[in-house]
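Residue-level structure breakdown
This is what each chain is made of:
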Amino acid sequence: MTMERDRGERDYIGFATLPEQVHRKSVKRGFDFTLMVVGESGLGKSTLINSLFLGDLYKNRKIPDVQDRIEKTTTIEKKTMEIEERGVKLRLTIVDTPGFGDAINCEDSWRVCSAYIDEQFRQYFTDESGLNRRHMQDNRVHCCLYFVPPWAHSLRQVDLEMMKRLHRKVNIVVVIAKADSLTAIEIKRLKARILNDLEEHQIQVYQFPECDSDEDEDFKQQDRELKEAAPFAVVASDIVLEMGGKRVRGRQYPWGIVDVENPRHSDFTKLRTMLISTHMQDLKDVTQDVHYENFRAQCISQISQHAMRERGKLKRDSMGNNNDVVITDTDRLLLQKDEEIRRMQDMLTQMQQKLKASDKKHDSIIDV
C-alpha cells in the first residue's frame, strides 16, 4: 500500500491544477459582456433588462411625445454597470437604440446600429494592433436582443432589413415582446412564422452549439428545451407581488397574476438561462472567432491593397524620372514586399473562402 502511494505521488506532475489557475486569474480580472437591445418603443426592453440583471438602468428615462416621434431618428445610448455574484465580477454594458422603428420613415434605422458595431470592431482592431495591449477593453457587441411586437403576424419589412444588415456582424437572439397579450396557440403560430421568415430570407440568428456526448442528461434536456423555445416569447416585470404566500416578479391583471418566471406563462427563465448561465461565453467566442475575424480579414485585405497601390505608384514615379531603368536594391526590396503582400492576399482569400464554405455547410446542416 505504501509503495503504491509513493508511486502515485511520483507520477503526479501538477498540471491538473491548470483549470484552477485559469479560474483564479479570470475571476480576479473579471468579465465583460456587451448586450444590444433593438426594438421600437413600448415593447418593454428596459423592463426586461432590469428583470434579467436585477437592476435599474433606466431611472431617468424620458418618453418622447408624438411630435418628437414624427421625425425621430435612431440613436445609441450606452449604459454600464458592475455586477458581482459569489465573488465573480461582470462589467455589463447595455447598448440601447431609442428611436428605432418610431419614425414614419424607418428606411435608415439600421444604419446607426450597424455603424456602431463596426466602430467597436474597428476600435478593437486598432488597440490589438497597437504597442500597449495590456489594458485592452472589449466593447464589441456580443449579443443583440431583437424585439418583435406581439401584434405582428410575422417579421415585418423593417425587421427583415435590420437583421439582414446585422446577422453577419453580431449574434442575434429574437424575442417576442409582451407575450402575455397572446394565447398559447397564437405564440406557437407566431414562432413558426418567424422561423419560416428567417429561413426564407436566409438570415442567420444565433445557433446553439451542440452538446458534448459526455454531458449529463439534465444538461442535455435543458439544452433541448432552450433550442425548442427560440424565438423566446417573454413577459417582463420589475414589480414584486405576493402570490400563494411567496413573493414573485409578475404583472397584476383583473383575472390573476402573470409570474414572469413561470415557464407556463413566459420564456423569461429560459432566455435568462441561455443568456447568462449557459451560453454567455459561447456568445463571446462566436463574436471573437467568427464575426470579428471576418471584420479583421477585411481590414487586413484593404490595408494590403492600399499598400500595393502606394508602392506601385512610387515605383512608376521612380521609373518615369529615369530614362535608363536600373534595378536598384530598393527596387528589389519593393518587389519582394509586393510579392509578400500578394501571398498574404492569397492566404486571406483562401481563409475567406473557407469561412464561406463553412457557413454554407452550416446552413445545409440547419436546412436538413
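For every chain, the first residue of the written sequence is number 1, and numbering continues from 1 onward in sequence order. Local features in this predicted model are restricted to residues of pLDDT 70 or higher, and side-chain atom pairs are both shown and tallied only at a pLDDT of 80 or more, whereas totals for entire chains, interfaces and linings draw on every residue. In computing side-chain values, all of the structure's heavy atoms are included and hydrogens and water are not.

Applied cut-off: UniProt positions are given in the numbering used here, feature names are shortened, and annotations may be inferred rather than shown by experiment.
In the nomenclature of an unreviewed UniProt entry, the protein is known as Septin of Bombyx mori. Recorded in UniProt for the protein, the comment headed Subcellular location (unreviewed entry) runs: "Cytoplasm".

**Some thoughts on the nonpolar core**
The following threshold applies: The nonpolar core is taken to be a set of buried Ala, Val, Leu, Ile, Met, Phe, Trp, Tyr and Cys residues, with the residues joined through side-chain atoms within 4.5 Å. Using a 1.4 Å probe on the protein chains alone, a residue whose accessible area is under 20% of its type maximum counts as buried, one over 50% counts as exposed, and one in between counts as partly exposed. We call two residues in contact whenever any of their non-hydrogen atoms come within 4.5 Å of each other.
One finds Leu 48 and Leu 145 to be the most contacted residues of the largest nonpolar core, which totals 73 residues. Beyond its immediate stretch of four places on either side in the chain, Leu 48 contacts Leu 145, Phe 147, Val 175, Val 234, Ala 236, Phe 268 and Leu 271.

**Some remarks on the side chain of Ser 114**
The following threshold applies: Elements are defined by DSSP. Helices are runs of H or I of four residues or more, strands are runs of E of two residues or more, and each kind is numbered from the N terminus. Within 3.5 Å is the distance limit for a polar contact, defined as a pair of N or O atoms, with the added protein rule that one can donate a hydrogen and the other accept it, and that residues adjacent in sequence qualify only through two side-chain atoms.
Topologically, Ser 114 is positioned in helix α5 (residues 109–129). The class for Ser 114 is buried, based on a relative accessible area of 6%. Engagement of the side chain of Ser 114 in a polar contact is seen with the side chain of Lys 169, the distance being 2.6 Å. Beyond its immediate chain neighbours, meaning those up to four positions away, Ser 114 contacts Arg 165, Leu 166 and Lys 169.

**Notes on the pattern of salt bridges**
The following threshold applies: When a carboxyl oxygen of Asp or Glu is within 4 Å of a side-chain nitrogen of Lys or Arg, the pair counts as a salt bridge.
Under the defined criterion, the tally for this structure stands at 14 salt bridges. Across the pair Arg 165 and Glu 161 runs a salt bridge, and its minimum N-O distance is 2.6 Å. On the criterion of helical spacing, the pair formed by Arg 165 and Glu 161 is a turn pair, its members being 4 residues apart in helix α6 (residues 157–166). Using a relative accessible area of 31% as the deciding quantity, one classes Arg 165 as partly exposed.

**Digging into the packing of aromatic side chains**
Heads up, the rule is: Note on aromatic pairs: the rings of Phe, Tyr and Trp (six-membered ring only in Trp) are paired at centre separations within 6.5 Å, and the planes decide the class, stacked below 30 degrees, edge-to-face beyond 60, tilted for the rest. Comment: the charge-over-ring label is applied if NZ (Lys) or CZ (Arg) is within 6 Å of the ring centre and within 35 degrees of the ring normal.
Under the definition given, this model contains 6 aromatic pairs. Judged by centre distance (6.1 Å) and plane angle (80°), the rings of Phe 100 and Tyr 146 are edge-to-face. Here Phe 100 is found in the loop between β3 (88–96) and α5, whereas its partner Tyr 146 is found in strand β4 (residues 143–148), with 46 residues between them in sequence. Like Tyr 146, Phe 100 is buried. Ring centres 5.5 Å apart and planes at 35° place the aromatic pair Phe 121 and Phe 295 in the tilted group. A residue pair is termed long-range when its members are at least 10 positions apart, and Phe 121 in helix α5 and Phe 295 in helix α10 (residues 280–321) qualify at 174 residues. In this structure Phe 295 comes out as buried when scored by relative accessible area, which is 10%. Aromatic ring contacts, followed pair by pair, group Phe 121, Tyr 124, Tyr 292 and Phe 295 into a single cluster. Its guanidinium or amino end placed over the ring of Tyr 124, Arg 140 lies 3.8 Å from that ring's centre, counting from NZ or CZ. Arg 165 extends its terminal NZ or CZ atom over the ring of Trp 110, reaching a point 4.2 Å from the ring centre.

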